[in-house]
Amino acid sequence: MSDSVTLGRPRLLQANGRAFAQISQFHPELTAFRRDLHAHPELGFEEVYTASRVTHALKLCGVDEIHTGIGKTGVVAIIKGRQSGRASRATQPNFRPMTGLRADMDALPMTEYNEFGWKSAKPGLMHGCGHDGHTTMLVGAARYLAETRNFAGDAVLVFQPAEEGRGGAEAMIKDGLFERFPVHAIYAMHNWPAMRPGTIGINSGPMMAAADRITIEITGKGGHGAHAYLTVDPILVAAHIITAVQSIVSRNVKAMDNVVISLCAMQAGDMAAMSVVPGHATLVGTVRTFKPEMQDFVEQRLKQLCAAVADGFGATATVNYERIYPATINSPAEYQLATSVAEQLVGFDNVVRNLEPSMGSEDFSFMLKEKPGAYLRLGQGEQLAGGQGGVGSRFLHNSCYDFNDSVLPLGAALFAGIVERSMPLG
C-alpha cells in the first residue's frame, strides 16, 4: 500500500486491544493510501481508479478472494478464518458463517477549497464526506484480518460504489451481492465531525432517516400580468402550497414521530418576462421519516392538501412521491455486538449508546433491509482551546472538509473487532 503522497504526521490515538496495536504499526501507509484516494476523487459508478487501488491493496494484504465489477464498480474481498465456525459444525458441517463489513468509495460533485498537498486534483470533484477514509479503514482491517485470521468463518469486505444519491448499495444487491456472499450480518460506519476522536456512537434503532423525493406539478392558466384576473396564477398557488405543506408536520404529525418536509426548489415562468403569468409551476423537495407508516401518511396528506389548495384557486396540482432511500435501522443483536466491541476498544465512557438519529439518509439502509446489522459513527472532530475547531471538525459536504487520518487505525480495528467477536474461534 505504499504511496508517493507527502505525509504530514497524523496524531496517534490511544485505544485498547491487539488489533489496534498491530494496525497502528502501518498507520503511515494507511494515511498515504487515504490521501491518494482524496487526491483522485470519482463520482458514483465511476470509481475505476479507486476500485483498482483497492484491488491492488487487497492483493498485497493477502486476502483469499477478490471479486470486482459488482454493482458496476463495486469490489468484494473474502478472508477465510482458521476454522468453519463452532456454533454450527455439529449440525451443519458444510456451513461457514459470514460477517460483512461495508465501506463506501465515491466522492461528491463539489469544489475543494483546501490547500494541502493531497487536495483534489480534479476540479469540481471532492471527497467531501470521508469515503476515502472509510475505504482506507476497511483496507486496514483487511490487512490485519488476513495476517491474523483469529476468527471462524469468512469475513466479507464490501467496497461499495455510488452512496451519494445514486443507489450503489441497491445496485450491488440487485447484482447478487447477498446470493453470492450470504452474510449473516453486515456492519458499516461513518466518520462524524461533531464527535471527538476516540469516541464511537451508536443506538439500537434508527440511525438515519428515509429520504423521499416529492415533485409537485401545478397547472393554471397563463396570461398577461397586467390582466391577472384573466389568468389562474400557478405561482400564487405554489406560494399557498409551500405554506400549507408546513402544517402537515406541525398539525398532523406527533412530535415524537420525527418528520421533516422541505420544499427546496421552484421553477416557474421566465426571469426575462416580467409581465407574463406562466401556466405551470413545479416544486421539488424532500421528506424525511423513520417509520414506513409515516411515509404512507405524509404521501397521502400531501396529495390531498396540494389538490385541495390548487382547486381553491381554479388550478390543479399533482404530487409525485418517490421513495429513494429507506431508513437506516440497527438490529438489536448486532447493536449489542458492535457496542461491546466499541467499549473494549475505546472504553465504556467513550461510547455513546443512545446517539441521536440523523435526518440525513444513507443507502446502507438497503443492505439493512436484507440483512441484520449495525451502522456506527466514528468521532473525528478535534476541538481546540476556546471552542475553535481543529483537524476533522469541518462538517460533511463542506468544501474545506478533510478526513482526520488520526482515526484510521481506530476505525480499522473496530471493523476487525466486529469480525473477531461475531465469529469467535473455539
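The residue numbering used here restarts from 1 in each chain and proceeds along that chain's sequence as written. The predicted origin of the model limits local features to residues at a pLDDT of at least 70 and limits the giving and counting of side-chain atom pairs to 80 or more, whereas totals for whole chains, interfaces and linings rest on all residues. Water and hydrogen atoms were dropped before computing side-chain values, which therefore reflect all heavy atoms in the structure.

Caption draft 1: Up close: the overall build of the chain. Within the chain, the secondary structure is distributed over 11 helices and 16 strands. Taken over C-alpha atoms, the radius of gyration comes to 24 Å for the chain, in line with the 22 Å a tight globule of 426 residues would show. Along the three orthogonal principal directions, the C-alpha set of the chain runs to about 80 × 55 × 45 Å. Residue burial is assigned from relative accessible area. The probe radius is 1.4 Å, only protein chains are included, and a residue is buried under 20% of its type maximum, exposed over 50%, and partly exposed in between. Evaluated residue by residue, the chain yields a buried proportion of 56% over its 426 residues. Here, Shrake-Rupley sampling with a 1.4 Å probe gives the accessible areas, and only protein chains in the shown set may cover a residue. By element, 53% of the accessible surface of the chain is carried by carbon and sulfur atoms, the whole surface being about 17,900 Å². Numbering of helices and strands runs from the N terminus; a helix is a DSSP stretch of H or I covering at least four residues, while a strand is a stretch of E covering at least two. Based on C-alpha atoms, the radius of gyration is set beside the globule rule, defined as 2.2 Å times the residue count to the power 0.38.

Caption draft 2: Spotlight on the confidence of the model for the chain. Looking at the chain, pLDDT values average 94 and 94% of them are 70 or higher. Residue-level confidence of the predictor, termed pLDDT, takes values from 0 up to 100. Contact definition: two residues touch when any of their heavy atoms are within 4.5 Å. Scored below 50 in pLDDT, residues 2-6 shows 11 contacts in the model against residues more than four places distant or in partner chains.

Caption draft 3: Quick look at helix α4 (residues 131-148). Take the residue count of a helix, subtract one, and multiply by 1.5 Å to get its expected span. An ideal rise of 1.5 Å per residue puts 26 Å on 18 residues; α4 measures up with 26 Å between its terminal C-alpha atoms. The buried fraction of α4 amounts to 17 of the 18 residues, a majority that puts the element mostly inside the structure. Within two residues after α4, Arg149 carries a phi angle of roughly 55°, on the positive side.

Caption draft 4: Structural context of the side chain of Gln380. Relative to the helices and strands, Gln380 is located in the loop between β16 (373-379) and α11 (408-422). Definition of a polar contact: a pair of N or O atoms within 3.5 Å, with one able to donate and the other able to accept a hydrogen when the atoms are protein atoms, and with sequence-neighbouring residues admitted only if both atoms are side-chain atoms. A polar atom in the side chain of Gln380 sits 3.4 Å from the backbone oxygen of Asp402. Separated by 2.9 Å, the side chain of Gln380 and the backbone nitrogen of Asn404 make a polar contact.

Caption draft 5: Spotlight on the layout of surface pockets. A cavity here means a set of points on a 1 Å grid, drawn over the protein atoms and nothing else, where a 1.4 Å probe fits but cannot get out; a pocket is an open set with protein on both sides within 12 Å along at least five of seven lines, and a residue lines either one if it has an atom within 4 Å of a point. Grid points are joined across faces, edges and corners, and a volume is the space filled by probe spheres set on the points. Empty space within the largest pocket amounts to approximately 510 Å³. Considering the residues around the largest pocket, the lining is formed by 25 residues, among which Glu164, Arg288, Tyr325, Gly360 and Ser361 are closest to the centre. Broken down by secondary-structure element, the contributors of at least two residues to the lining of the largest pocket are β5 (185-192), β8 (210-219), β12 (280-289), β13 (316-325) and β16. Amino acids are sorted into nonpolar (Ala, Val, Leu, Ile, Met, Phe, Trp, Tyr, Cys and Pro), charged (Asp, Glu, Lys and Arg) and polar (every other residue, Gly among them). When its residues are assigned to classes, the lining of the largest pocket shows nine nonpolar, nine polar and seven charged.

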